[in-house]
Amino acid sequence: MSRRPSLRARLAAAGLDAERAEADLERADLLVEGDIDEELLRRLSEAASPSDALACVTNLAVDHPQLARDVLADVEWLTRVIAVAGASRPLGDLLARHADATRALETLDHVEVAPIARAVAAAVRRTDDPGEQSAGIATIRRAATADIAARDLTGVTPVEGVASELSNLAEGVLTGAIEGVHAQVVGSNSPSARIGVIGMGKLGGQELNYVSDVDVMFVHEVVEGASEDEASREVRQTLTTVLELLNTSTTMGRAYEVDPTLRPEGRSGALSRTIPAFVAYWERWAKTWEFQALLKARPVAGDRSLGARFLAAAEPFVWPERLEPDVVAEIRAMKSRIESKPEVVRDGDRQIKLGPGGIRDVEFAVQLLQLVHGRGDRSLRCTGTLETLDALAANGYVDEEDAAHFADAYRLLRTVEHRLQLAHERRTHTVPEDPDDQEWIARAVGYQPSGEETARVALLRDLRRTQAQVRELHAKLFYRPLLERYASTPAAAAEVSVPHEVTAMGEAAAQERLEVLGFRDGRAALRDVRALTGGISRRARTVRAVLPAVLQVLQDTPDPDAGMAAFRSLIESQSDNGELLAYLRDHPDSAQLLGRVLGTSPVAGELLAGQPQGIEWLRDASLRDRPRDRDELVRMALSRMHWQDTTAALRRLKRLELLRLVLRDLSGGATIGGVGEELTALAEACLVGALTAELQAQADRLGVDGPDALGVRIAIIGMGKLGGRELQYASDLDVLFVHEAAAGVDDASASRIALDVAANVMRSLSAITAEGTAFDVDADLRPEGKSGPLSRSLASYRTYWERWAEPWEHQALLRVRAVAGDGDLGTRFVEAAHEHAYPPDGDDEAAAQRMAAMRQMKARLEKERIPRRIDAERHLKLGPGGLSDVEWTVQLLQQRHGVTRHVLRTPSTMAALDALQDAELLEHRDAAWMRDGYRFLTRVRNHLYLLRQRDTDVVPSSPRTVEVLARSLGYSRGGWQDFEEEWRRHTRHVRQVCEREFYGIDPTIRRGGW
C-alpha cells in the first residue's frame, strides 16, 4: 500500500493524471511489482504531452505486446516513439494502431525520394480500386511523416533538414503516383506524351511543412509521332487521376492536398501546357506575382529533363535584363495586402507566418534581394530561403552577421510552425491563446519549466525577441552592405571614386539595389550615402547606425531621392553637433518619422535644416503632437518682441510653428480641418504681434505714454479663408483694417496714424528676406481695392457699402471675422458688415439680379484667372467642381436664407454646410458631396505646397509628379490613376450640386458633368 502514493506522486510530477495513468499502466501490464520503469517515466515527463505519449505506449502494449516490449527495451527507439506521440495526437494514434509505422522508428534512415517513389508506384499498381490506392499512398506518407517527426523531435535533424525531408517525401509520392498512374493510363500502348511536374512554393524551395499544400504546375510535350489530341487526352486523364488519388480522404487521412492553381489562368486554365504555350502566356498575360512564384520553381517528378527545359524557358521572364521598380512595388503591395487581412491583424504577433517579424518577412526580404541581384549573379538563383541567404552573404550582398541572425530567427519560427502543425495535423500558423496549449507547444519545441518559470513563458519571450529582431534586421539586411562599403573610405575621396574591392558588392549592384527599392537615381543616392558614411569620424559611425532605418522608410515614401538629399542637408547643417544623430540612433521611431517626413515633403526638409531648434519637435512627441491654441501662440509672439526685431521674430515663429504643424500633419496627427484651424491661429498670433509692436512703435515715435494714448483704436478683420478659419499652407492673409478716433481726437490725425500702422503691419509680415516671409498679407479686398486707403473708419465703410459696393463685395462680407486689435470695434464692424452681406428680403426681381450678378462674377473669374495654358478641369480652385464651386454655392445659399436664419451666419464654409443640411436647405447627399469634395481638394492643395509645387492650384499633368502627389496622399506605389479617379469623382459630385443649387440647371436636362 505504501508504493501506490509514491507512484502516484511521481506520475503527477511527470505531468500525468496520476489515477488515470496508473490504471492505464495496469491495463497494459506495464507495472512491475506495482511500479513504473524509471526510464519510461523520465521519457514521458519530457514529452510535450505526457498523457498523449502514455496513451500511445499503453495502447501499443495492449494491441502489440511484443512490439511494445521491443520498444521499451531500446531507449532511443522509446524516446522517438514518445516524442512523436507526445507532440502529435494523430501520429500517436498511427503508431499505436499500425505496427509498421512504429517499426519504422527503430532506425534513423532518412527519407529519400527513390524508395518512396517505388513504394507509391507499387501501391498504385497493386489494385485498380482508387480508394485502396489512395489509402495505400496515404499510409506510406503518414508513416514516413512519423519517421521524420521522430528525428525532428529528438533533435537529430535540424529544421532545414526536416523541411528538406518533408519535401523529399512529397517529391517521392508525386514521382511514384505519376509513374504508376501514367503506366495504367497508357496500358500496353506507347506513351503519347511526356509529363513533368514542377514544384512551386515550399515544395520547390524544399521547405515543406508537415501540413502544407503541395503547390505544383504540370508541363507536357507530345512524343514524336503521336497526335496532339491523343497526348492531351492522356495527360489530362493521368493528371486528373493523380490529383484525385492524392487529394482523396481515406481512413488514413489524405496523402496530400495537391494544389495546381498557380498555373496560368488558375483554376480556369488548362491543367497542363506545353512549354511554347507557357511562353506565350508569360509574354502576354502573366502578372508580376506569377514570375515571382517561379523563383521557387523546381522539377520534382515525371520527366526531369522536360522540367529542366521548362525552367530554361522561364529564365528570361524570372530574371529580366532590367528589373523595373514598379515590379518590386507591386510585390511589396501584394505582401501588404496579405498582411492587412483581418485575421492577420487580429492575431498580431501570434501569427508567426504573416504577422510582423514573421516567416513571410524573412522570405520576402531574401526574395527581394534575390530578384535585385540574381539577374547578374547566377549563384543567387536558389529556391530555398536559407540557401539563398547563405549565397547572398557569401557574395557580399548582405552582411554575414545579419544573415546569421536572420537565419537563426527563421529556424526558430519554422520550428514553432512545424510543432503547431504536428499537434493535430492541421494547417495553422498561429500560436494559441490558451496558456495550457501554449505550454504544450513550448514543450514540443524543446522548452522545459525552470524553477518558477513555465516553458511557455520562455518560448513566448524568445519568440517576441525573435520577431522584433526580424523587423529590425530588415533594414540592416538591405542597407548595411551599402553603408559598410564606405566605412573606411574618407568621404571627400569617396565623392571622386570608390574602390571596387571594398566589398564584394560592386558599385553597379549597390546602385541597382537602391533603384529597384524605389530610388530613381541610384548614383545620386549612393553619392549622398558616401558623403555621410565615408571615413572613420564619430559622425560617420553614427550615421551608419541610423541610416538603415531611415533608408528603409525612405524607400516607401513619395520621393526617396529628395528625401535622401534632404537627410544629407539636415545632417550637414548640424555641423559637428551629434545630438540629433545620437537621438535618432537611440530612438528608431523618430528616425522612421524623419525618413517619412523628408521623403514626403521638401518643405519639411528645408524647415528642419534651417531651424536647429526645430529638431526638438522630433525629440519630444509631447511638444510636437499637442496643438497650440491661439492664446498660447499670441503669448509666444508677444514674448519674442522683447528681444527680436518684429519682422525676424514673427518670421521665425511662423517657420518654427509651421514645421511643428507639418510634422504633425505628415505623421497623421492632424486632420485637414485641424491644419486649417492651427494655421489660422498662427496667422492671428502673428497679426496680433505685428499690430501690438507697431502700436508701441508709433507711441514711441510720437512720444506718448503707450498705445492707449495714440487716440485711435484699430482692428484687423479677417476675410476669406482667414475669416473662415480654413487657411491652407499656401494661403495669403486677406485682411481689412478699420480704425476709430478716440474722443477729442480729430479724424485726420487718427486716420494718419492708422494708415502708418496698417502699412507697417503689412510690411512686418510680408517683408521678403533671405528666410522668406512670415505671411503674405493682402488688403486688396478693401473698398476701391489697391487705390483705396489701407484703413478706414467704420462710418466710411458703411457709406461705401451703402452707395458704391459691388454685389461681390457684399458677398465677400459673408466671411468677415475680427482677428486682431480692438475687440469692440471688430465686433461692431462684423455686425455692420452682416447688414450688407445678408440683405433683407426684397422683391423677387432684386433677388434674381443678385443671383445673376454672382453667376456672372464667378464665370468671369473662371475665364480670366485660369491661365490659357492650364486645363481648366485640373484647376483645384476655379475649375469645374473645384473649391470655388463649393464656396460660391454655400455663399449664395447663405445670402438667400441668412436673413431669417441666423444659424447660417458663419464665415466657415464647413460650418455653413452643416447648418444648411441641418436646416434642410441642402440635401444630406449633396452636403456630404460638397463637404467631402472640399476636404479632399484642400488636402490636395496642401500637399502640392508640401511638395514645393510652384502652382498649388493646379493638379500637375506629368504622370510622375502626379504619382509623387498621390503617394504623399497615401495611395500605394503606382496609384496615381486611383488618385485621379477619386479626384474626378469628387469634382464631378461637387459640380452636380453647384449646377443645381448655384446655376439652377435642371438635372433632368443636364446630368452631372460639364
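The helix and strand tally for the protein chain stands at 47 helices and twelve strands. By the compact-globule yardstick of 30 Å for 1010 residues, the protein chain is too spread out, its C-alpha radius of gyration being 38 Å. Taken over the C-alpha atoms alone, the protein chain extends approximately 125 × 75 × 65 Å along its principal axes. For the protein chain, the proportion of its 1010 residues judged to be buried stands at 57%. Put simply, 72% of the contacts in the protein chain that link residues at least 6 apart link residues at least 24 apart. Of the roughly 42700 Å² that the protein chain leaves accessible, carbon and sulfur atoms contribute 48%. Each charge sign in the protein chain was given a centre, from 128 positive and 155 negative side chains, and these centres are 3 Å apart.

So, about unusual backbone geometry. A positive phi angle is found at glutamate 784, which is not glycine, with a value near 70 degrees. With respect to the helices, strands and loops of the structure, glutamate 784 is situated in the loop between strand E10 (777-778) and strand E11 (791-793). Phi at glutamate 920 takes a positive value of approximately 60 degrees, unusual for a residue other than glycine. Structurally, glutamate 920 is set in the loop between helix H44 (909-918) and helix H45 (924-946). Residue classification places glutamate 920 among the exposed residues on the basis of a relative accessible area of 72%.

Counting buried residues along strand E4 (residues 213-222), eight of its ten residues qualify, which places the element largely inside the surrounding structure. With seven bridges connecting them, strand E3 (residues 193-199) and E4 associate as antiparallel partners. Opposite arginine 194, over in E4, you have glutamate 221 as the bridge partner. Sheet analysis places E4 next to strand E5 (residues 257-259), joined by three bridges and oriented parallel.

Attention shifts here to the packing of helix H2 (residues 18-27) against helix H4 (residues 50-63). One way to put it is that H2 packs onto H4 with a least axis distance of 9 Å and a crossing angle of 20 degrees. The orientation of H2 with respect to H4, classified from their angle, is roughly parallel. Like other packed secondary-structure pairs, H2 and H4 cross with a definite hand, here left-handed. Across the interface between the two elements, Ala21, Asp24, Leu25 and Arg27 from H2 touch Leu54, Thr58, Asn59 and Val62 from H4. Considered class by class, the residues forming the contact of H2 with H4 number four nonpolar, two polar and two charged.

For the rest of this paragraph, the subject is the environment of glutamate 657. Mapped onto the secondary structure, glutamate 657 falls in helix H35 (residues 646-666). Under the relative-accessibility criterion, glutamate 657 is labelled buried at 5%. Considering only alpha carbons, one finds glutamate 657 and threonine 154, 503 residues apart in sequence, at a separation of 63 Å. Residues in contact with glutamate 657, not counting those within four places in the same chain, are Trp617, Arg628, Leu633, Met636 and Leu682. Polar contacts involving the side chain of glutamate 657 include one to the side chain of arginine 628, which spans 3.1 Å.

Formed by 252 residues in total, the largest nonpolar core has its most connected members in Trp282, Leu294 and Phe567. Ranked by residues supplied to this core, first place goes to helix H36 (residues 672-702) with 14 residues. Leucine 294 has contacts with Met200, Met217, Trp282, Phe310, Ala314 and Val318, leaving out every residue within four places of it along the chain. Core analysis: the next-biggest nonpolar cluster, separate from the first, contains 42 residues, Leu892, Leu893, Phe936 and Leu944 among them.

With that settled, consider helix H9 (residues 113-125). An ideal rise of 1.5 Å per residue puts 18 Å on 13 residues; H9 measures up with 18 Å between its terminal C-alpha atoms. Of all the positions in H9, only Val113, Ile116, Ala117, Val120, Ala121, Ala123 and Val124 are classed as buried. Angular distribution of buried residues about the axis of H9 spans 155 degrees; they occupy a single face of the element. Residues of H9 that are buried sit in contact with helix H10 (130-153), helix H11 (159-186) and helix H16 (304-318).

Here we come to the pattern of salt bridges. Inspection of the entire model under this criterion finds 76 salt bridges. Across the salt bridge formed by arginine 630 and glutamate 684, the nearest N and O atoms sit 2.4 Å from each other. With a gap of 54 residues between them, arginine 630 in helix H34 (residues 630-640) and glutamate 684 in helix H36 connect regions that are remote in the sequence. Assessed through its relative accessible area of 4%, glutamate 684 is described here as buried. Via salt bridges that share partners, Arg626, Arg628, Glu632, Glu657 and Arg660 belong to a single interconnected network.

Right, let's talk about the environment of glutamate 802 for a bit. Structurally, glutamate 802 is set in helix H39 (residues 794-803). Between the C-alpha atom of glutamate 802 and that of histidine 836, which follows or precedes it by 34 residues, the distance is 7.8 Å.

Now for H45. Its 23 residues place the ends of H45 33 Å apart at the C-alpha level, agreeing with the 33 Å of an ideal helix rising 1.5 Å per residue. Burial within H45 is extensive, with 17 of its 23 residues counted as buried. Arginine 948 lies just past H45 and shows a positive phi near 55 degrees.

Each pair of packed helices gets described by two things: the angle between the helix axes and the distance between those axes. At their nearest, the axes of helix H27 (residues 538-554) and helix H30 (residues 588-598) sit 8 Å apart, and the two run at 45 degrees to each other. The orientation of H27 relative to H30 falls into the category oblique. The interaxial crossing formed by H27 with H30 has right-handed handedness. Residues Val546, Ala549, Val550, Val553 and Leu554 of H27 touch H30, and the partners they reach there are Ala591, Gln592, Gly595 and Arg596. Looking at the contact of H27 with H30 residue by residue, the class counts come to six nonpolar, two polar and one charged.

This part covers the packing of aromatic side chains. Scanning the model with the defined rule gives 16 aromatic pairs in all. Geometrically, the ring pair formed by phenylalanine 278 and tryptophan 282 is tilted, given 5.5 Å between the ring centres and 35 degrees between the ring planes. One end of the pair is phenylalanine 278 and the other is tryptophan 282, both in helix H14 (residues 275-284) and four residues apart, which spans about a single turn. When its relative accessible area of 1% is taken as the criterion, phenylalanine 278 is described as buried.

Parameters at a glance
- Residues numbered from 1 in each chain as written.
- Predicted model: local features only at pLDDT ≥ 70, side-chain atom pairs only at ≥ 80, totals over all residues.
- Heavy atoms only, no water.
- Helix = DSSP H or I, 4+ residues; strand = E, 2+ residues; numbered from the N terminus.
- Rg over C-alpha atoms; globule rule 2.2 N^0.38 Å.
- Buried < 20%, exposed > 50% of the residue type's maximum accessible area, 1.4 Å probe, protein only.
- Contact = heavy atoms within 4.5 Å.
- Areas by Shrake-Rupley, 256 points an atom, 1.4 Å probe, with all protein chains shown as cover.
- Lys, Arg positive; Asp, Glu negative; His and termini not counted.
- Charge placed at Lys NZ, Arg CZ, Asp CG, Glu CD.
- Pairing = 2+ DSSP bridges.
- Axes fitted to C-alpha atoms, helices over the stretch in contact; angles between N-to-C directions.
- Parallel < 35°, antiparallel > 145°, perpendicular 65-115°, else oblique.
- Left-handed = near helix turned anticlockwise from the far one by under 90°.
- Nonpolar A, V, L, I, M, F, W, Y, C, P; charged D, E, K, R; others polar.
- Polar contact = N/O pair within 3.5 Å; in protein donor to acceptor, adjacent residues only side chain to side chain.
- Core = buried A, V, L, I, M, F, W, Y, C linked by side-chain atoms within 4.5 Å.
- Expected span 1.5 Å × (residues − 1).
- Arc of directions from axis to C-beta.
- Salt bridge = Lys/Arg side-chain N within 4 Å of Asp/Glu carboxyl O.
- Phe/Tyr/Trp six-rings, centres within 6.5 Å; stacked < 30°, edge-to-face > 60°.

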